[in-house]
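What follows is the residue order along each chain.
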Amino acid sequence: MLTLLSENRSFAGIHRRYRHESAVLDCAMTLAVYLPPQALSGETVPALYWLSGLTCTDENVMQKAGAHRLAASLGLALIAPDTSPRGPEVPGDPDGAWDFGHGAGFYLNASEVPWARHYRMHDYVVEELPALLERELPLNGRRGVSGHSMGGHGALVCALRNPGFYRSVSAFAPISHPSRCPWGEKAFSRYLGPDRSRWSAWDACDLMASAPERLPLLVDQGLDDPFLESQLRPDDLEEAARAAGHPLQLRRQSGYDHSYFFIASFIDDHLRHHAAALLPQG
């Protein structure tokens, strides 16, 4: 059951924040939904799920991306879950670091104690949340997924692991090869344990080779991103896609960094990419 926290009119649609009790994560979760005007006039609409990055919440994309205007025109709902389970009962980083624990769920299903009880963000995003929202909101079951940084990693993995569930996928500056970067190695070693063979199930570059579905990928990467080489490794994603014959449009954007200024600059292209797959073509 969704509990309404707030709502605001936006481009003739409505932005709402909700809270609900998650059985999968064993805690209360907050999320945001933008419903376009079509959904307020009796239509059911497709939904684009946006997975945010490290330290973010549902509020970042809804307030900074500038996505509402075109989403309203196209008739796309936008869904923004939180980036991790939260609350006093949910363990965070023991040292208070920002790149693990609260705000850093990595959209996987943890298997290690004490993380396994709460950190099951993959099942939350792919199973529990869509089922809840499609039951309670005017959504038609057509889904796309996108995200930024850690959320870009999540978007790629969710699509690659769940053939047929999404009709479109894209990402901004994704952590493309988490098994081979410091952010990913820290998170995977704790959530999944030290056996690296178990990490491949959550790594887009590794999943690409055996993916049973080949949804075209649109990825934007800023060339002035300070995390480009050490954490994001888009060249690895490009090589994995080439080897697997997976359709990938990787756009390297000169002068852009890792911020929401970058996302806002190209969000319209991503919304149109998803709309082409999610909306009837007349």
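Refer to the structure above for everything that follows.
Below or above, wherever it landed, is the structure these notes cover.

Cut-off values and rules
- Residues numbered from 1 in each chain as written.
- Predicted model: local features only at pLDDT ≥ 70, side-chain atom pairs only at ≥ 80, totals over all residues.
- Heavy atoms only, no water.
- Pairing = 2+ DSSP bridges.
- Helix = DSSP H or I, 4+ residues; strand = E, 2+ residues; numbered from the N terminus.
- Axes fitted to C-alpha atoms, helices over the stretch in contact; angles between N-to-C directions.
- Phe/Tyr/Trp six-rings, centres within 6.5 Å; stacked < 30°, edge-to-face > 60°.
- Buried < 20%, exposed > 50% of the residue type's maximum accessible area, 1.4 Å probe, protein only.
- Lys NZ or Arg CZ within 6 Å of the ring centre and 35° of its normal.
- Core = buried A, V, L, I, M, F, W, Y, C linked by side-chain atoms within 4.5 Å.
- Contact = heavy atoms within 4.5 Å.
- Salt bridge = Lys/Arg side-chain N within 4 Å of Asp/Glu carboxyl O.

## Some details on the sheet that holds strand β6 (residues 139–147)
Then step 1. The sheet built from 9 strands is open, its strands ordered β1-β2-β3-β5-β4-β6-β7-β8-β9 with mixed pairing. Two strands bound the open sheet, and with one partner strand each, they are β1 (3–10) and β9 (248–253). Strand-to-strand twist across the sheet, computed as the mean angle between neighbouring axes with direction ignored, equals 20 degrees.
Then step 2. Relative to strand β2 (residues 13–22), β1 runs antiparallel, the two sharing 7 bridges.

## A closer look at the packing of aromatic side chains
Then step 1. As enumerated under the stated definition, the model contains 15 aromatic pairs in all.
Then step 2. For the ring pair Trp98 and Trp183, a centre distance of 5.9 Å and an interplane angle of 80 degrees mean the geometry is edge-to-face. Note that Trp98 is positioned in the loop between β5 (77–81) and α3 (121–136) and Trp183 in helix α5 (residues 182–191), a separation of 85 residues in sequence.
Then step 3. Classification of Trp183 by relative accessible area gives buried; the value is 5%.
Then step 4. Its guanidinium or amino end placed over the ring of Trp202, Arg161 lies 3.7 Å from that ring's centre, counting from NZ or CZ.

## Details of the nonpolar core
Then step 1. Of all hydrophobic cores here, the largest spans 93 residues; its most connected members are Phe106, Val125, Leu133, Leu139 and Tyr191.
Then step 2. Discounting chain neighbours no more than four positions away, the residues touching Leu133 are Leu2, Leu31, Tyr49, Ile79 and Leu139.

## Brief notes about the pairing of strand β7 (residues 168–172)
Working note: regular strand, side chains alternate between the two faces of the sheet.
Then step 1. Counting buried positions along β7 yields 5 of 5 residues, so the element is predominantly enclosed.
Then step 2. Neither face of β7 is exposed, since Ser168, Ser170 and Phe172 on one face and Val169 and Ala171 on the opposite face are all buried.

## With respect to the environment of Ala71
Then step 1. Tracing the backbone through its elements, the reader meets Ala71 in helix α2 (residues 68–74).
Then step 2. Residue classification places Ala71 among the buried positions, given a relative accessible area of 0%.
Then step 3. In this structure, the C-alpha to C-alpha distance between Ala71 and Leu35, residues 36 residues apart in sequence, is 8.6 Å.
Then step 4. Those residues in contact with Ala71, other than ones at most four positions away along the chain, are Tyr34, Pro36, Leu76, Leu78 and Leu271.

## Regarding the pattern of salt bridges
Then step 1. Under the counting rule described, the total for this entry stands at 18 salt bridges.
Then step 2. Arg16 is paired through a salt bridge with Glu7; the nearest N and O atoms lie 3.1 Å apart.
Then step 3. The exposure class of Glu7 is partly exposed, given its relative accessible area of 41%.
Then step 4. For the salt bridge of Glu238 with Arg252, the shortest nitrogen-to-oxygen distance reads 2.8 Å. Of this pair, Glu238 sits in helix α8 (residues 234–244) while Arg252 sits in strand β9, and the two are 14 residues apart along the sequence.

Keep in mind that these numbers describe shape and distance, not what the molecule does.
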